[in-house]
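Notes for the structure review
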Amino acid sequence: MTSAATTPAPANLDLGLIGNGTIAALLDGRARMVWCCVPSFDGDPTFCALLSPKQAGGDYAIELEDFESAEQHYLRNTAVLRTILRDRNGGAVEITDFAPRWRHHERFYRPVMLMRRVRPLAGLPRIRVRLRPLANYGASQPETTWGSNHIRYLVPGFTLRLTTDVPVRLVRHELPFVLDRELHLLLGPDETLTEPIAPYVRQSEEKTTTYWRDWVRYLSVPLEWQDAVIRSAITLKLCQYEETGAIVAAMTTSIPEAPHTVRNWDYRYCWLRDATFVVRALSRLGATRSMEDYLRYVANVASADGGLQPLYGIGFEHELAEEEVPSLAGYRGMGPVRRGNLAWLQKQHDVYGSVVLAATQLFFDCRLDRVGDAATFDRIEPLGERAYALHDQPDAGLWEFRGRAEVHTYSSVMCWAACDRLAKIAGHLGLDDRAGYWRERADHVHARIIDHAYNEELGHFVEAHDGNRLDASLLLLGDLGFVKPEDPRFVRTVEAIGRNLKHGDALFRYVAPDDFGSPETSFTICTFWYIDALALIGRVEEARALFERILRRRNPLGLLSEDLEFGEGEAWGNFPQTYSHVGLIIAAMRLSRPWRDAV
């Protein structure tokens, strides 16, 4: 085969995501699988080519001889990815990738399984199947056995089995062959397939497509930017580990926030803050099941007195020891690669408000099967007690500073939000004594924040009590209801952030140096927060124009990472970032013209 086929393109984040709530994989523009952890989001990255393993492998590709070009798209309103590869001789092949998911016996069928369907479109294309899993974070090749129609890969803690109608020798030895008929590859548990593979894969694709289109059909999407919102919603859904309800911040670890920076962290865990943003966004779209599953997850990780860490493992793990992985060189060789995240040890007091906000809809949404009641209220009150006790105490803040602790304004405001929402819930339930109790506490916290987080001399809110710096989380004060959008103090804060944190079309989260120096790239959700805040204070046309420009920064499949480079807009940071897609959804819903304009 020619070098064009065997030499992969330089790593970038023009990737597609497929998954089913149990497993997820990232594929590049040629349908080469470059990231997939087995058997779950936080497992061993069996396919780890994205992070440059120091030995060959870590990918799963259908390579086309004499490759010339590729095109790629999702099937409309699904998580099914279709790639077309064309060669220089007029040949073409179509690769369809998906993880099976559908409703079965009143449950969801979502196995540790990835399916590929490959068919010729034109000419006599020659392809090669390269399936090269690695084990122990790229350190070793798994033991392999095979039979007449399958190959088994003994990865740690799980045996993967490829069942296929491609001749096994061609896969084992990576031999090129003419693709003259449709072929099928099923990579999943070590179980014998008891029916013909071709109709099984085709039927699985049909069922999976139907599932996603049914799910999308019931979303309450805005009139404008529907494709972008739907793609973001599907992406968020794929980031929830359905076995426990946990929602990961991103599918990857150690994609640096900027070129050659040590800001590269493992995001394959559930940050309570990030997850709350996700469930609030999906709930606004009408997808409430994610909220219910997530709240069950929180119930399993919270201590008896309501104590919470900032993050947990997707299987309820409390300890997430951080270590460097020497067997992976890193994204474009930019290590170190990390496993685990020390932020689990930090104090981040906003988590209490985050969880109460996520739970609030339980008490007001009549669509839910089980609406929150007085017993549910009793279970979340300890979170409010923690929030009240910690509202004026130093913490690491939502940006997780490792070298300093302050009384961060955002953390204090989220502690206020916990008390405020508990007062509203109690009032709704007719618990007048508890409503008065929590209203008094909310008012006390609110007054203290105004006294210490609003800088009279500067004329705007500041990042920390009695400080003078800005950070982008202050843009949320209006949406959270801490101040009215028309409050001059909030308006001046938005304007100050526009002057000091905005650079071109994007925003820094803050500009003051931290433990690792000064930030170099924009934090994508902060740009969406700014767009949302502009709309809140009446600068709607400016917000719409900026939103349109940021939408053009998404990758070719409509996905977003954590950070964007200010100049060329290149994507950096872990991928796909749930935060970023939440920001897109919320801003779109704020800015869209109403449906009455169209009907």
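Please refer to the structure higher up on the page.
Residues numbered from 1 in each chain as written. Predicted model: local features only at pLDDT ≥ 70, side-chain atom pairs only at ≥ 80, totals over all residues. Heavy atoms only, no water.

Re the sheet that holds strand S14 (residues 150-155)
Applicable threshold: Criterion used throughout: strands pair if DSSP finds at least two bridges between them. Runs of H or I in DSSP of at least four residues are treated as helices and runs of E of at least two as strands, each being numbered from the N terminus. Only C-alpha atoms enter the line fits that serve as axes; for helices the fit covers just the stretch in contact. Angles between N-to-C directions range over 0 to 180 degrees. Here, residues are in contact when the closest pair of their heavy atoms is within 4.5 Å.
Strand order across the open sheet formed by 8 strands is S6-S7-S8-S11-S17-S15-S14-S13, with antiparallel pairing between neighbours. What marks the edges here is a single partner per strand, and that holds for strand S6 (67-74) and strand S13 (143-146). Strand-to-strand twist across the sheet, computed as the mean angle between neighbouring axes with direction ignored, equals 15 degrees. Taken strand by strand, helix H3 (residues 197-217) contacts strand S7 (81-87), strand S8 (92-98), strand S11 (114-122), strand S15 (158-164) and strand S17 (183-189), and its axis lies near 105 degrees from that of S11.

Some details on empty space enclosed by the protein
Put simply, the test is: Definitions used for this entry: grid spacing 1 Å over protein atoms alone; cavity, a set of points where a 1.4 Å probe fits but cannot get out; pocket, an open set with protein on both sides within 12 Å along at least 5 of 7 lines; lining residue, one with an atom within 4 Å of a point. Grid points are joined across faces, edges and corners, and a volume is the space filled by probe spheres set on the points. Residues are grouped as follows: nonpolar covers Ala, Val, Leu, Ile, Met, Phe, Trp, Tyr, Cys and Pro; charged covers Asp, Glu, Lys and Arg; every other residue, Gly included, is treated as polar.
Summed over the entire model, instances satisfying the criterion amount to 6 cavities of 30 Å³ or more. There is about 320 Å³ of room inside the largest cavity. Classifying every residue of the lining of the largest cavity gives 12 nonpolar, 3 polar and 10 charged. Each pocket or cavity is described by its volume, and for the second largest cavity that value is around 150 Å³. As for the second largest cavity, its lining consists of 14 residues, and the residues nearest its centre are Phe277, Leu476, Asp479, Trp529 and Ile586. For the lining of the second largest cavity, the secondary structure elements donating two or more residues are helix H5 (272-284), helix H12 (524-536) and helix H14 (578-591).

Things to note about helix H13 (residues 540-551)
Defined as follows: Here the expected span of a helix is defined as 1.5 Å times the quantity of residues minus one. For every residue, the accessible area (1.4 Å probe, protein chains only) is compared with the maximum for its type, and the residue is labelled buried under 20%, exposed over 50%, or partly exposed between those bounds.
An ideal rise of 1.5 Å per residue puts 16 Å on 12 residues; H13 measures up with 16 Å between its terminal C-alpha atoms. Those residues of H13 that fall on the buried side of the exposure criterion are Ala543, Arg544, Leu546, Phe547, Ile550 and Leu551. Among the structural elements, helix H4 (226-238), strand S26 (502-503), H12 and H14 are those in contact with the buried residues of H13.

So, the layout of surface pockets
Rolled over the atoms, a probe sized like a water molecule indicates the empty space that remains. Taken as a whole, the largest pocket spans an internal volume of roughly 880 Å³. Listing elements by their share of the lining of the largest pocket, those giving two or more residues are helix H6 (289-301), helix H7 (350-360) and helix H8 (374-390). It is H6 that provides the largest number of residues to the lining of the largest pocket, a total of 7 residues. Split by residue class, the lining of the largest pocket holds 13 nonpolar, 6 polar and 9 charged.

Brief notes about the packing of aromatic side chains
As a reminder of what qualifies: Ring geometry is summarised as follows: Phe, Tyr and Trp rings, the Trp one being its six-membered ring, pair when their centres sit within 6.5 Å, and such pairs are stacked at plane angles under 30 degrees, edge-to-face over 60 and tilted between the two.
Counted by the stated rule, this structure contains 25 aromatic pairs. Between tyrosine 211 and tryptophan 212, the aromatic rings sit 5.0 Å apart at their centres with planes inclined by 75 degrees, giving edge-to-face as the arrangement. Classification of tryptophan 212 as buried rests on a relative accessible area of 1%. Note on tyrosine 331 and tryptophan 572: the rings are 5.7 Å apart at their centroids and 85 degrees apart in plane angle, and the pair reads as edge-to-face.

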